2 protein chains.
Amino acid sequence: MPKKVDREARRQEISAALWRIASTRGMDSASLRDVAAEAGISLGRLQHYFRTKDEMLLFALRHINRLATDRIRDRIEALAEAPTPRDVLRACLSGMLPLDEESRTGLLVGAAYYSRAVHDPALGAEARDGIPKLRAFFADQLRQAADRGEVPPERATEDEAMLLISLTDGLATYVLLGVHGPDDALRILDGHLAGLFGDRTPPVDPPREDAP
Amino acid sequence: MPKKVDREARRQEISAALWRIASTRGMDSASLRDVAAEAGISLGRLQHYFRTKDEMLLFALRHINRLATDRIRDRIEALAEAPTPRDVLRACLSGMLPLDEESRTGLLVGAAYYSRAVHDPALGAEARDGIPKLRAFFADQLRQAADRGEVPPERATEDEAMLLISLTDGLATYVLLGVHGPDDALRILDGHLAGLFGDRTPPVDPPREDAP
């Protein structure tokens, strides 16, 4: 089926072009025409795949979400035969931080999506659909951890799961803005997980001058 | 000095126009020409105030940050004669959530800023300058709370302060996207503060079916 192969190859070319644009100048200021030029195809052909910039953004967002899911699955499978709920949570949450080029580019696409979705309920549906599923998955991991006696039962809640998503999201934001580095974000995330799992690490700040 | 009065009046008109645009269609898709039209002035006159869209965005961001600071100060002053560190932290953090129209519009401007600043180090300087100051202020409040025996000393750190900023930022993001409501964001923030201050509230999730 050469037609189908062509279509898939074209889709890959477009994904690669979106990727290059997202990681350099950003999707924010890129038009459909810019993306067509980057992919080396005509505007008309690009519009077979998406007619508007919002459709293009959703295409890019779903593509990077698929990559993120694969990346996180690989990380969990590399961990152990039977990963603990804590292993799974840490792999998922650290996978949401910009710790390498791929995850960083993914978050840049997310930033472009976010600034448009807050003004467009149709575009926001992607988050309103996806985040509650992620929250439910994390809450389930917390309940499994509580059943194993690793997390206090009163913290195995949907709210605690939403807190994990929110704080990781915020930590990632401040990496992209250059406020702190990826290592700082990961250390703060690990500090929170240590508190949640009852093995809080010692403070990382230098001792105060008036300390004994 | 009529000249100076004129300039201040004009500045107010422009701020109001930016505000209307930010709270409706968003700054993201608004050009300098659009803002001039909304403010009822010529493009040339608008360009006396800022020459580029990035300058306009910084103007808007600083304006809303000033409003937020005023709002939070009012809230702290209304609290008590000698507010506790916890009062101060809660007032600041809840002031960063979109709990009313003014704070919501402020966060929408912040979203437009964010999506551009991640690709533009010069624009990002605003965050790289401001956030560490906020982090230092929160860390100082945490140390005061630790001195009063209200927070474990090992949690009175810069990392804990950055965690507070990040989680509030993330909670706000998901309000703007319609994933959860302002009340949910505030409840989750309060849950985290309760844990930090050692008076964790009971879980809000309904009891599990296999609970005793």
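By the naming in an unreviewed UniProt entry, chain A is HTH-type transcriptional regulator PksA, taken from Streptomyces albospinus.

S.K.: Describe in detail the overall build of chain A, supporting the description with residues and values.
M.R.: Assigned secondary structure in chain A consists of nine helices and zero strands. Taken from N to C terminus, the helices and strands of chain A fall in the order α-α-α-α-α-α-α-α-α. Along the longest, intermediate and shortest principal axes, the C-alpha atoms of chain A span 70 × 45 × 35 Å. Here chain A holds 212 residues, and the buried ones make up 48% of them. The contacts of chain A with a sequence gap of at least 6 include a subset with a gap of at least 24, amounting to 62%. In the structure as shown, chain A presents an accessible area of about 10,300 Å², 52% of it carried by carbon and sulfur atoms. Positive and negative charge centroids in chain A, built from 29 and 34 side chains respectively, lie 8 Å apart.

S.K.: Run through the domain arrangement of chain A, naming residues and quoting values.
M.R.: All names here are of chain A. For chain A, the assigned domains are domain 1 (1-51) and domain 2 (57-196). Inter-centroid distance (C-alpha atoms) of domain 1 to domain 2 is 28 Å. Contact with domain 1, which involves ten residues of that partner, is made by 13 residues of domain 2. Around 980 Å² of area is buried between domain 1 and domain 2 when both sides are counted, 78% of it from carbon and sulfur atoms. At the junction of domain 1 with domain 2, the criterion picks out zero residue pairs in polar contact (both at pLDDT 80 or more). Its residues placed into classes, the side of domain 1 that touches domain 2 shows six nonpolar, two polar and two charged.

S.K.: Outline the UniProt feature "DNA-binding region" (unreviewed entry) in chain A, listing residues and values.
M.R.: According to UniProt, the feature "DNA-binding region" (unreviewed entry) maps to residues 31-50 of chain A in the numbering used here. Annotated as 60% helix and 0% strand, the span residues 31-50 of chain A places its first and last C-alpha atoms 12 Å apart.

S.K.: So, the interface of chain B and chain A: which residues are in play, and what are the values?
M.R.: Contacts between chain B and chain A engage 51 residues on the former and 50 residues on the latter. Where chain B abuts chain A, roughly 4,500 Å² becomes buried across the two surfaces, and 62% of that area is made up of carbon and sulfur atoms. Looking only at chain B, the three residues that lose the most surface to chain A are B:Y114, B:H119 and B:L177, adding up to 15% of its buried area. The tally of links from chain B across to chain A stands at two salt bridges. For B:D159, the salt bridge is made with A:R187, and the minimal N-O distance between the two is 2.7 Å. Here the side of chain B that touches chain A is built from residues that sort into 23 nonpolar, twelve polar and 16 charged.

S.K.: Can you break down the packing of aromatic side chains residue by residue, with the values?
M.R.: Summed over all chains, the structure comprises four aromatic pairs over all chains. The interplanar angle of 50° and the centroid separation of 6.1 Å between the aromatic rings of A:F137 and A:F138 together place this pair among those described as tilted.

S.K.: Got a sec to walk through the UniProt feature "domain: HTH tetR-type" (unreviewed entry) in chain A? Specific residues and values, please.
M.R.: Listed under "domain: HTH tetR-type" (unreviewed entry) in the UniProt record, and renumbered for this structure, are residues 8-68 of chain A. Helix makes up 72% of residues 8-68 of chain A and strand makes up 0%, while its end C-alpha atoms are separated by 20 Å.

S.K.: Hey, could you go over the packing of helix α8 (residues 158-176) of chain A against helix α9 (residues 182-196) of chain A for me, with residue numbers and the actual values?
M.R.: Residues and elements named next belong to chain A. Interaxial distance between α8 and α9 falls to 9 Å at its minimum, and their mutual angle equals 165°. Between α8 and α9, the angle falls in the class roughly antiparallel. For the crossing formed where α8 meets α9, the hand is right-handed. Note on element contacts: α9 touches α8 through P182, A185, I188, L189, H192, L193 and L196, opposite E160, L163, L164, L167, T168, L171 and V175. In terms of residue class, the contact of α8 with α9 is built from eleven nonpolar, two polar and one charged.

S.K.: A description of the relation of the copies chain B and chain A should follow, citing residues and the corresponding values.
M.R.: Placing chain B over chain A gives an RMSD of 0.0 Å and needs a rotation angle of 180°, together with 0.0 Å of translation along the axis. Such a turn and shift between the copies fits a two-fold axis. Of every C-alpha in chain B, the one belonging to B:L167 sits nearest the axis of rotation, 1.9 Å from it. Here 98% of the contact residues of chain B are again contact residues in chain A; the copies associate through an equivalent surface.

S.K.: Which residues make up helix α2 (residues 32-39) of chain B, and what values do they have?
M.R.: Residues and elements named next belong to chain B. Every buried residue of α2 is listed here: L32, V35, A36 and A39. The buried residues of α2 occupy an angular sector of 100° when the element is viewed end-on, so they sit on one face. Among the exposed residues of α2, those pointing more than 90 degrees away from its buried face are R33 and A37. Positive backbone phi, at 70°, marks G40, one or two positions downstream of α2.

S.K.: How would you summarise the environment of B:H180 if you had to cite specific residues and measurements?
M.R.: Relative to the assigned elements, B:H180 resides in the loop between α8 (158-176) and α9 (182-196). Taking the relative accessible area as the measure of exposure, B:H180 reaches 8% and is therefore buried. Not counting residues up to four positions away in its chain, the partners in contact with B:H180 are A:M162, B:L171, B:Y174, B:V175, B:A185 and B:I188. From its side chain, B:H180 meets the backbone oxygen of B:L171 in a polar contact 3.0 Å long.

Cut-off values and rules
Residues numbered from 1 in each chain as written. Chains lettered and ligands numbered in written order. Predicted model: local features only at pLDDT ≥ 70, side-chain atom pairs only at ≥ 80, totals over all residues. Heavy atoms only, no water. Helix = DSSP H or I, 4+ residues; strand = E, 2+ residues; numbered from the N terminus. Buried < 20%, exposed > 50% of the residue type's maximum accessible area, 1.4 Å probe, protein only. Contact = heavy atoms within 4.5 Å. Areas by Shrake-Rupley, 256 points an atom, 1.4 Å probe, with all protein chains shown as cover. Lys, Arg positive; Asp, Glu negative; His and termini not counted. Charge placed at Lys NZ, Arg CZ, Asp CG, Glu CD. Domains from an automatic or database assignment. Buried area = accessible area lost by both parts, 1.4 Å probe. Polar contact = N/O pair within 3.5 Å; in protein donor to acceptor, adjacent residues only side chain to side chain. Nonpolar A, V, L, I, M, F, W, Y, C, P; charged D, E, K, R; others polar. UniProt positions renumbered as here; feature names shortened; annotations may be inferred. Salt bridge = Lys/Arg side-chain N within 4 Å of Asp/Glu carboxyl O. Phe/Tyr/Trp six-rings, centres within 6.5 Å; stacked < 30°, edge-to-face > 60°. Axes fitted to C-alpha atoms, helices over the stretch in contact; angles between N-to-C directions. Parallel < 35°, antiparallel > 145°, perpendicular 65-115°, else oblique. Left-handed = near helix turned anticlockwise from the far one by under 90°. Least-squares fit on C-alpha atoms with pLDDT ≥ 70 in both. Arc of directions from axis to C-beta.

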